[in-house]
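Tertiary structure, described
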Amino acid sequence: MANIITGAEALIQSLLNQGVDTAFVYPGGNIIRVFDSLFSHQSDLKQILVRHEQGATHAAQGYARISGKPGVAIVTSGPGATNTLTGISDAMLDSTPIVVIAGQVGTDALGTDAFQEIDLVGVTQPITKWSYQIRRAQDISWAVARAFYIAQSGRPGPVVLDFTKTAQNETVDYSPEKIDFVRSYIPSPEPDMSEIEAAARLIDCSTRPLVLVGHGVELGNAENELKAFIEKADAPAARTLLGLSALPSGHPLNMGMLGMHGNLAPNVMTNRCDLLIAVGMRFDDRVTSAVDSYARQAKIIHLDIDKSEFGKNVKPDVTVLGDCRRTLALITERISRTCHKEWIKEFKPLAQKEHEKVIDHAINPGEGPLLMGEVVNAIAMQAPSDAALVTDVGLNQMFAARYFKYSVPRSIITSGGLGTMGFSLPAAIGATFGDQERMVFSFQGDGGFQMNMQELGTIMETGAPVKIIVMNNSYLGNVRQWQQMMFESRYSCTHMTSPDISMIAGAYGIPFRRVMDRRELAQAISDMIAAPGAFILETIVLDEENVMPMIPGHEPVDHMIFTIDEKWR
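Note that the structure is predicted; figures quoted are calculated from it, not measured. All residue numbers here refer to positions counted from 1 along the written sequence of the relevant chain. With the structure being a predicted model, the display of local features is reserved for residues of pLDDT at least 70 and the display and counting of side-chain atom pairs for 80 or more, all residues being used for whole-chain, interface and lining totals. Side-chain figures throughout are based on the complete set of non-hydrogen atoms in the structure, without hydrogens or water.

1. So, the overall build of the chain
To be explicit about the condition: What counts as a helix is a DSSP run of H or I of at least four residues, what counts as a strand is a run of E of at least two, and both are numbered from the N terminus. This radius of gyration counts C-alpha atoms alone. The globule rule is 2.2 Å times how many residues there are, raised to the power 0.38. Exposure classes here rest on a 1.4 Å probe applied to the protein chains alone. A residue is buried below 20% of its type maximum, exposed above 50%, and partly exposed in between. Whether two residues are in contact is decided by their heavy atoms, any of which lying within 4.5 Å being enough.
When you go through the chain residue by residue, the secondary structure sums to 24 helices and 20 strands. Its C-alpha radius of gyration of 24 Å places the chain within 12% of the 25 Å reference for a compact globule of 569 residues. Viewed in the frame of its principal axes, the chain has a C-alpha envelope of about 70 × 60 × 40 Å. A total of 569 residues make up the chain; the buried ones form 59% of that total. The contacts in the chain between residues at least 6 apart in sequence include a share of 76% that link residues at least 24 apart.

2. Overview of the pattern of salt bridges
If the charged atoms of two oppositely charged side chains come close together, the side chains can form a pair. Note the threshold: The salt bridge criterion pairs a side-chain nitrogen of Lys or Arg with a carboxyl oxygen of Asp or Glu, the two atoms within 4 Å.
Tallied over the full model, the rule gives 20 salt bridges. Glu461 is the salt-bridge partner of Arg51, the closest N and O atoms lying 2.9 Å from each other. Separated by 410 residues along the polypeptide, Arg51 in the loop between β3 (46-49) and α3 (53-67) and Glu461 in helix α21 (residues 456-462) bring together distant segments of the chain. Take Arg51: its relative accessible area is 26%, and that puts it in the partly exposed class. A salt bridge links Asp500 to Arg514, with the shortest nitrogen-to-oxygen separation between them at 3.1 Å.

3. Topic: unusual backbone geometry
Across the junction of Met548 and Pro549, the peptide omega takes the value 0°, indicating a cis bond. Residue position: Pro549 is located in the segment after β20 (535-540). The phi dihedral of Asp113 falls on the positive side, at around 60°, and the residue is not glycine. Its relative accessible area of 72% is what places Asp113 among the exposed residues. With phi around 60°, Ser489 is a residue other than glycine that occupies positive phi space. Along the polypeptide, Ser489 turns up in the loop between α22 (477-486) and α23 (501-507). With relative accessibility at 37%, the residue Ser489 sits in the partly exposed group.

4. As for the pairing of strand β18 (residues 466-472)
Note the cut-off: What makes two strands pair is DSSP finding at least two bridges between them.
Buried residues dominate β18, accounting for 7 of its 7 residues. Covered by surrounding structure in β18 are Val466, Ile468, Val470 and Asn472 together with Lys467, Ile469 and Met471, the residues of both alternating faces. One ladder, built from 6 bridges, connects strand β17 (residues 440-445) with β18; its direction is parallel. Its bridge partner being in β18, Gln444 is matched across the sheet by Val470.

5. So, the packing of aromatic side chains
As a reminder of what qualifies: Any Phe, Tyr or Trp ring, taking Trp's six-membered ring, that has another such ring centre within 6.5 Å forms a pair; planes under 30 degrees apart are called stacked, those over 60 apart edge-to-face, and the others tilted.
A full pass over the atoms with the stated rule returns 13 aromatic pairs. For the ring pair Trp130 and Tyr132, a centre distance of 5.1 Å and an interplane angle of 15° mean the geometry is stacked. Look at Trp130 and you get buried, because its relative accessible area is 14%. When the ring of Phe404 is compared with that of Phe443, the centres are 6.3 Å apart and the planes differ by 75°; the resulting orientation is edge-to-face. Of the two residues, Phe404 sits in the loop between α18 (395-403) and β16 (412-413) while Phe443 sits in strand β17, which places them 39 residues apart along the sequence. Here Phe404 and Phe443 have matching classes, each one buried.

6. Let's talk about empty space enclosed by the protein
Filter applied, for reference: A cavity here means a set of points on a 1 Å grid, drawn over the protein atoms and nothing else, where a 1.4 Å probe fits but cannot get out; a pocket is an open set with protein on both sides within 12 Å along at least five of seven lines, and a residue lines either one if it has an atom within 4 Å of a point. Grid points are joined across faces, edges and corners, and a volume is the space filled by probe spheres set on the points. Polarity classes work like this: nonpolar for Ala, Val, Leu, Ile, Met, Phe, Trp, Tyr, Cys and Pro, charged for Asp, Glu, Lys and Arg, and polar for all others, with Gly in that last group.
Under the definition given, this model contains 1 cavity of 30 Å³ or more. The space that makes up the largest cavity amounts to roughly 30 Å³. Taken together, Arg65, His215, Glu218, Arg410 and Ile412 make up the full set of residues lining the largest cavity. In the lining of the largest cavity, the residues fall into 1 nonpolar, 1 polar and 3 charged.

7. Remarks on the environment of Val547
With respect to the helices and strands, Val547 occurs in the segment after β20. Each C-alpha atom of the pair Val547 and Leu276 lies 27 Å from the other, and the pair is 271 residues apart in sequence.

8. Comments concerning the sheet that holds strand β6 (residues 130-134)
Stated formally: Where helices are involved, their axes are fitted lines through C-alpha atoms of the stretch in contact, as for all axes, and angles between N-to-C directions lie from 0 to 180°.
The sheet built from 6 strands is open, its strands ordered β3-β2-β4-β5-β7-β6 with parallel pairing. At either margin of the open sheet sits one strand with a lone partner, and together these are β3 and β6. Each neighbouring strand pair of the sheet contributes to a mean axis angle of 20°, computed without reference to strand direction. Note that strand β4 (residues 71-75) and strand β5 (residues 98-104) share 5 bridges and pair parallel. Across the sheet, the residue bridging to Val75 is Ala102, located in β5. The sheet strands contacting helix α7 (residues 140-152) are β4, β5, β6 and β7 (159-164), and the helix crosses β6 at an angle near 170°.

9. Looking at the domain arrangement of the chain
Using the following cut-off: For every domain, the bounds stem from an assignment made automatically or drawn from a database. By definition, the buried area sums, over both parts, the 1.4 Å-probe accessible area that each loses when the two are put together.
Under the domain assignment, the chain is made up of domain 1 (4-173), domain 2 (193-347) and domain 3 (369-540). Taking only C-alpha atoms, the centre of domain 2 and the centre of domain 3 are 31 Å apart. The interface of domain 2 with domain 3 comprises 17 residues on the first partner and 18 residues on the second. Of the roughly 1,400 Å² buried at the junction of domain 2 and domain 3 (both faces included), carbon and sulfur atoms supply 61%. On the domain 2 side of the interface with domain 3, the three residues burying the most area are Leu241, Ser245 and His261, jointly 37% of the side's total.

10. Description of the sheet that holds strand β19 (residues 512-515)
Read across the open sheet, the 6 strands follow the order β16-β15-β17-β18-β20-β19; overall the sheet is parallel. The two strands at the open ends of the sheet, each matched to only one other strand, are β16 and β19. Helix α19 (residues 424-434) contacts β15 (388-391), β16, β17 and β18 of the sheet and is inclined by roughly 175° relative to β17.

11. Focus: the nonpolar core
Selection criterion: Think of a nonpolar core as a cluster: buried Ala, Val, Leu, Ile, Met, Phe, Trp, Tyr and Cys residues, connected wherever their side-chain atoms sit within 4.5 Å.
Val211, Phe229, Phe404, Phe441 and Phe443 are the most contacted members of the largest nonpolar core, which has 104 residues in total. Each of two domains, domain 2 (193-347) and domain 3 (369-540), supplies a minimum of three residues to this core. Sequence-distant contacts of Phe404, that is, excluding residues within four places in its chain, are made with Ser249, Val376, Ile379, Ala380, Ala383, Ala387, Leu389, Phe441 and Phe443. Counting residues in each nonpolar core, the second largest holds 43 residues, with Ala73, Val390, Phe433 and Ile536 among its members.

12. Let's talk about α22
For α22, every residue scored as buried is listed here: Gly477, Arg480, Gln481, Gln483, Gln484 and Met485. Considering only its buried residues, α22 is in contact with α18. Phi for Glu488, located one or two positions after α22, is positive at around 55°.

13. Quick look at the layout of surface pockets
Its boundaries defined by the atoms lining it, the second largest pocket holds a volume of some 560 Å³. In this structure, the second largest pocket is lined by 25 residues; those nearest its centre are Gly256, Asn263, His355, Ile359 and Arg402. Residue assignment for the lining of the second largest pocket shows that the elements contributing at least two residues are β11 (254-257), α16 (347-363) and α18. Ranked by residues supplied to the lining of the second largest pocket, first place goes to α16 with 7 residues. Each of domain 2 (193-347) and domain 3 (369-540) gives at least three residues to the lining of the second largest pocket.

Spelled out as structure tokens, the structure:
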């Protein structure tokens, strides 16, 4: 029996066929036919009207990162489409599955510089897994099925569909399609058993192994396989920023965070271990710092689903291509149960040194202005065990990542590769729709808050229960720290005068509290958590606080410093 519908309706039916339950949207002229179809689907497809198209893509990212399902954004052409580019780029670098659907002029107007025409496919091809222009209604079902398959399979990432008015307006005899194969695209390569065996031999021969846990562990849903592996190998593990919640904070083999503002012990031990086992991470420069001095003494095993990552930054001795959920299990089957008690003990003095030099003061200063680490730690102490952390970018990001606690997977949502200020608020909104059972905390600085604070309107309209923490130091703090270290405290354009956030909160009808005195902090946090919906907690923190320890730029990873004064050591 024929099912003749418009192309716009075919798009909505195709999204429903993919299991889409939420879309983050902003209407416009060249996508208006789709929004007319959306009007009839308000009961089966949540339509979250954001206040800016960049917010739509970040919200889709937050939805995807906490749920594991592709996030969806629907926008118009021209500036509506170009406003999504930051979120698309962010999703590409952080391997986040989103599908962005943008309106486009009719096919007869393509290439004429028509009103709000932009070559979106040409613009987005370098920053997507796939970008495609739908010109005919008969291609809609196929294109949507292919888009979702590509976005969420293998190494996930963003896909863009450029949807012409012609295809929206045409009619089609619609039937849903399913795609689970694309020629020349191998999302999950079959493991090479010789690689598995070679990795197992190196692990069995190692006396000082160190496992580097990346975001790929969560993307591959391999958290249980990771724990089984490190426990059998008795191998200490360190996590990248995006991999922080792939291993619980309290696991006895968890040695902390890698990277520029990570923990002292795993960074130092990177240059003392005899074997690095990198799982689902890409040896980003924020992890390796000076590559020419990075783990030169160690053999390196690299497990990844994306062959292009092998040798891109650090040359491995053994590569294991494939889904890490499967490859970890295969390696675990083949290694011997081992004990590395003495090696693991070597991490403890370094951890203790970091506590004495940095952490103890950061979370319990006793007097003076509030500190960012103190605020994060106080919230972590009261937060539900399955709470999700969403950060912005800058000092707030590093303090939040260091001092929050992670008990379950998919508990940190942050902009890693692109470092996008303004990410946290819309991403946190998306996360509340991606998992409505978990409490979502959005940590921001005063700078990042002002970049996308228009999304408070989305909270006002939808009731998204985001717990917003603005750590206000009146600076663009991360840049200010670098200016202090390297440019003799010449604070060019980093001091910031902010509006009265209490008035902004009031305008949007969001409960608000400002805290300057640490004696009020615990109760304010309790009030925020108890509030039934959204809440803004502004904490006035030390203006020139620095996040430590730190690997100075281009220094070896074991050259961490504890104070700014050590920068020239």
